Amino acid sequence: MLIIMCLISQTYWDDNSRADFLGGSELWYAGSSERVSGLGVNFWASSSGLRVLGQDYDLNNDASLDEAVFGAAANTARILYGPGFGTDTRFTTSSAEGMGVADLNGNGVPDVVVGEQWGSQSYIYWDMNPASVTQLGFGGACYGVAIGDLNKDGSLDVVLAGYGGVQSKIYWGPSYTTYQAFDNADSWDPFVADLNLDGYPDILLPRPLSTVKIFWGPGFTSSQDIAFSSTKAAAVADLNADGWPDVALGSYSEGVRVYFGPGFSSYWALAGMTNVQDLEIEDADGDGYLDLVASGGSDGKARIWWGPALVSFTDVSAAVGDGVDLLDLDNDGDLDIATPSGTSSFYIYRNNGSRSFSLWQNISLPSWGGAYVDLRKYEEIGNAYTRTPSFVYLSRIFTGSSAYRMDSLRWWASVPSGMTLRLWLRASDDQTTWTSWKEVYNGQGITDPDFFCRRFYQYSALVTTDGRRTSEFHLDSLRLYYTDCAIGLDEFGPADYLVINGGLAYLNVVAECGYLLVYDITGRPIKEFHLARGKHAIAWAEGLPSGLYILIARYDGTERVKSAFVR
């Protein structure tokens, strides 16, 4: 009787470093079609693992979403804490005109970036602490903030929009002491997204006195103009669900237009609004189509154009100021509208369903000019391209010199309350045709025949969030355990293998010549078979006494080792 066992131990592939995670990208869907974009917009690969960028709205961790307001004459930027919004944290500035929230230092606590309009500084407030501050030394008027990992080095970078002769600049993390100037024209709120889907984040820059520009990453020296003038507001999403990001722009004089990617030359002009101050894209009525919301001070209203056609609309009338924000502020499961009055009030309109809104709260604020509701890029809750509350990471492709059987997948992560992490796996023989995605579970054995004897494997990680404390999430390490295939002598076998079945050894020589060597337990050679290229079945155990034997198949620098008992 023969008892077979393999001497080769189980091996594995790892994703456990910033470089490993940077080898992946982001996966999102336009209908049922997969689209891939670069990290640095929704995901970033930090030194502490794979992270979700922004999406922190419950900033005091009390289960209610919060809001951020600032104004050029207010001398503070504030985080107002829900659900009552009567308490706040105040960040002292002379004239806030831009605000961003993200975990810049990767410690799990959001930081606040404030751009200053009238002074020469802009600021980073670490861990939301007004007393722990770094001056960025911008040198003049800042009219907007955006955040992303623009050079994909694992550290978040800060984009500041310059005005009044001040250049727009990228401050490179993690030190924020060096910067790259990339535009000289007056500009407003920047937006970071991978607009051409080349794997690198780009910068969309509204400019009130000239055309809008897209600065292409990773160098940000080449650009494309969008012929739209007097522009203050911008937003990005795949509004027509064709798999390309689209650009929505709001103008002082020309209203609202949606420019469709990838060319950004064709557009829709939306009806009604004139002096547009802010834009946001969300699925406000929950029908599965993205809607577009604009606010304008002289218009005295916020307007929602309903997707997918963006023709019909609903107006929310108020003494509307510069900003508009859509969040579930009353915790009932749908998106409400928040907007400041521009003088002394902050209004929240409750979503009643059926595309109807009514005033829920009128919160008194200090009298200030140009009050604004804004978390910039992070004001729009959800995926930057689809606005769904889900983010899918697509790993690098794992491969080897021969076919492998996937045994299990194990991962280590911190997943706070309100978030989920699920993993899927797929396989291929040629990287052209892939199996369907199959969900796998942490540490459990994989028995699906789709994962037997394939050369290429890839996983995807689906992260969902309720938009509260995503800074606490990190996927630290992931390990795919596999073994070489042992599947017998058939046409669907791996390129080279050694399989023992009873007294026969099956092997495939993928060289001009090869050998099968048989040793006893002391290492003494017993038999040697000289083999030509091709598949062979060798009666290796014939005439041997009982005992443990070691079989080695050797050809062209390749070696396969198995052991077997003869009884």
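For the structure given in this document, a descriptive report is provided here. (Residues numbered from 1 in each chain as written. Predicted model: local features only at pLDDT ≥ 70, side-chain atom pairs only at ≥ 80, totals over all residues. Heavy atoms only, no water.)

1. Structural notes on the overall build of the protein chain
And then number 1: Secondary structure summary: the protein chain contains one helix and 45 strands in total.
And then number 2: For the protein chain, with 567 residues in total, the buried portion stands at 59%.
And then number 3: The contacts in the protein chain between residues at least 6 apart in sequence include a share of 53% that link residues at least 24 apart.
And then number 4: By element, 50% of the accessible surface of the protein chain is carried by carbon and sulfur atoms, the whole surface being about 20400 Å². (Helix = DSSP H or I, 4+ residues; strand = E, 2+ residues; numbered from the N terminus. Buried < 20%, exposed > 50% of the residue type's maximum accessible area, 1.4 Å probe, protein only. Contact = heavy atoms within 4.5 Å. Areas by Shrake-Rupley, 256 points an atom, 1.4 Å probe, with all protein chains shown as cover.)

2. Quick word on the nonpolar core
Side chains of a nonpolar character, in soluble globular proteins, are inclined to be buried together.
And then number 1: In this structure, Leu195, Leu204, Ile226, Leu249, Leu279 and Leu292 are the most contacted members of the largest nonpolar core, which totals 50 residues.
And then number 2: When residues in this core are grouped by element, the largest group, five residues, is from strand 22 (residues 231–237).
And then number 3: Ignoring anything within four residues of it in the chain, the contact list for Leu249 reads Leu204, Val212, Ile226, Phe228, Thr231, Ala233, Ala234, Gly255, Val256, Arg257, Tyr259 and Leu279.
And then number 4: In terms of nonpolar packing, the next biggest core, distinct from the first, is built from 31 residues, Leu425, Tyr459, Val463 and Leu478 among them. (Core = buried A, V, L, I, M, F, W, Y, C linked by side-chain atoms within 4.5 Å.)

3. Focus on the side chain of Lys152
And then number 1: On the secondary structure map, Lys152 appears in the loop between strand 14 (141–148) and strand 15 (157–163).
And then number 2: Lacking a salt bridge, the buried Lys152 has Asp194 as its closest oppositely charged neighbour, with an N-O distance of 7.4 Å.
And then number 3: Of note is the side chain of Lys152, whose polar atom sits 2.9 Å from the backbone oxygen of Gly199.
And then number 4: Dropping the residues within four chain positions of it, Lys152 is found in contact with Leu22, Leu39, Gly199, Tyr200 and Pro201. (Lys, Arg positive; Asp, Glu negative; His and termini not counted. Salt bridge = Lys/Arg side-chain N within 4 Å of Asp/Glu carboxyl O. Polar contact = N/O pair within 3.5 Å; in protein donor to acceptor, adjacent residues only side chain to side chain.)

4. Some words on the sheet that holds strand 21 (residues 223–226)
Within a sheet, adjacent strands bond to each other through the backbone by hydrogen bonds, running parallel or antiparallel.
And then number 1: Taken in spatial order, the four strands make up an open sheet running 18-19-20-21, and their pairing is antiparallel. Looking at strand neighbours, the two that pair on one side only are strand 18 (191–193) and strand 21, the edges of this open sheet. Looking at each pair of strands side by side, their axes are set apart by 20° on average, direction ignored.
And then number 2: Here three bridges tie strand 19 (residues 202–205) to strand 20 (residues 212–215), and the two strands are oriented antiparallel to one another. Residue pairing for strand 20: Leu204 is matched across the bridge by Ile214. (Pairing = 2+ DSSP bridges. Axes fitted to C-alpha atoms, helices over the stretch in contact; angles between N-to-C directions.)

5. A closer look at the pattern of salt bridges
And then number 1: On inspection of all chains with the given rule, the structure shows 24 salt bridges.
And then number 2: A salt bridge links Arg51 to Asp103; the shortest N-O distance between them is 2.9 Å. Of this pair, Arg51 sits in strand 6 (residues 49–52) while Asp103 sits in the loop between strand 10 (96–102) and strand 11 (111–116), and the two are 52 residues apart along the sequence. Summarising the burial analysis for this pair, Arg51 and Asp103 share the class buried.
And then number 3: Two residues, Arg533 and Glu512, come together in a salt bridge whose shortest N-O distance is 2.8 Å. Taken as a pair, Arg533 in strand 43 (residues 525–538) and Glu512 in strand 42 (residues 504–520) lie far apart in primary sequence, 21 residues in all.
And then number 4: Taken together, the salt bridges that share partners define one network made up of Asp15, Asp20 and Arg396.

6. Here's the deal with the sheet that holds strand 16 (residues 168–171)
And then number 1: Reading across the sheet, the four strands line up as 14-15-16-17 and stay open at both edges, with antiparallel pairing between neighbours. Every other strand in the sheet has two partners, leaving strand 14 and strand 17 (179–183) as the edge strands with one partner each. Neighbour to neighbour, the strand axes of the sheet diverge by 20° on average, direction disregarded.
And then number 2: The pairing of strand 16 with strand 17 spans four bridges and is classified as antiparallel. When the sheet's bridge partners are listed, Ile170 is paired in strand 17 with Gln180.

7. Describing the packing of aromatic side chains
And then number 1: The full count for this structure, using the stated rule, is 26 aromatic pairs.
And then number 2: Taking 5.7 Å as the distance between ring centres and 35° as the angle between the ring planes, the aromatic pair formed by Trp13 and Phe398 counts as tilted. One end of the pair, Trp13, is in strand 2 (residues 11–15); the other, Phe398, is in strand 36 (residues 398–414), with 385 residues separating them in the sequence. A single burial state applies to Trp13 and to Phe398, both of which are buried.
And then number 3: Measuring from centroid to centroid gives 6.0 Å for Tyr123 and Tyr125, while their planes differ by 35°, and the two rings are tilted.
And then number 4: The class of Tyr125 is buried, set by a relative accessible area of 3%.
And then number 5: Across the ring face of Tyr200, the terminal group of Lys152 is positioned such that the distance to the ring centre comes to 4.9 Å. (Phe/Tyr/Trp six-rings, centres within 6.5 Å; stacked < 30°, edge-to-face > 60°. Lys NZ or Arg CZ within 6 Å of the ring centre and 35° of its normal.)

8. Quick word on the pairing of strand 32 (residues 345–353)
And then number 1: Two elements, strand 31 (residues 336–340) and strand 32, share four bridges in a ladder whose sense is antiparallel. Bridge assignment links Ile337 to a residue of strand 32, and that residue is Tyr349.
And then number 2: Examined bridge by bridge, strand 32 and strand 33 (residues 356–364) share eight bridges and lie antiparallel to one another. Along strand 33, the bridge assignment pairs Phe346 with Ile363.
And then number 3: The turn joining strand 32 and strand 33, which pair antiparallel and follow one another in sequence, is formed by two residues; a positive phi near 55° is taken by Ser354.

None of the figures reported here should be taken as evidence of function without further support.
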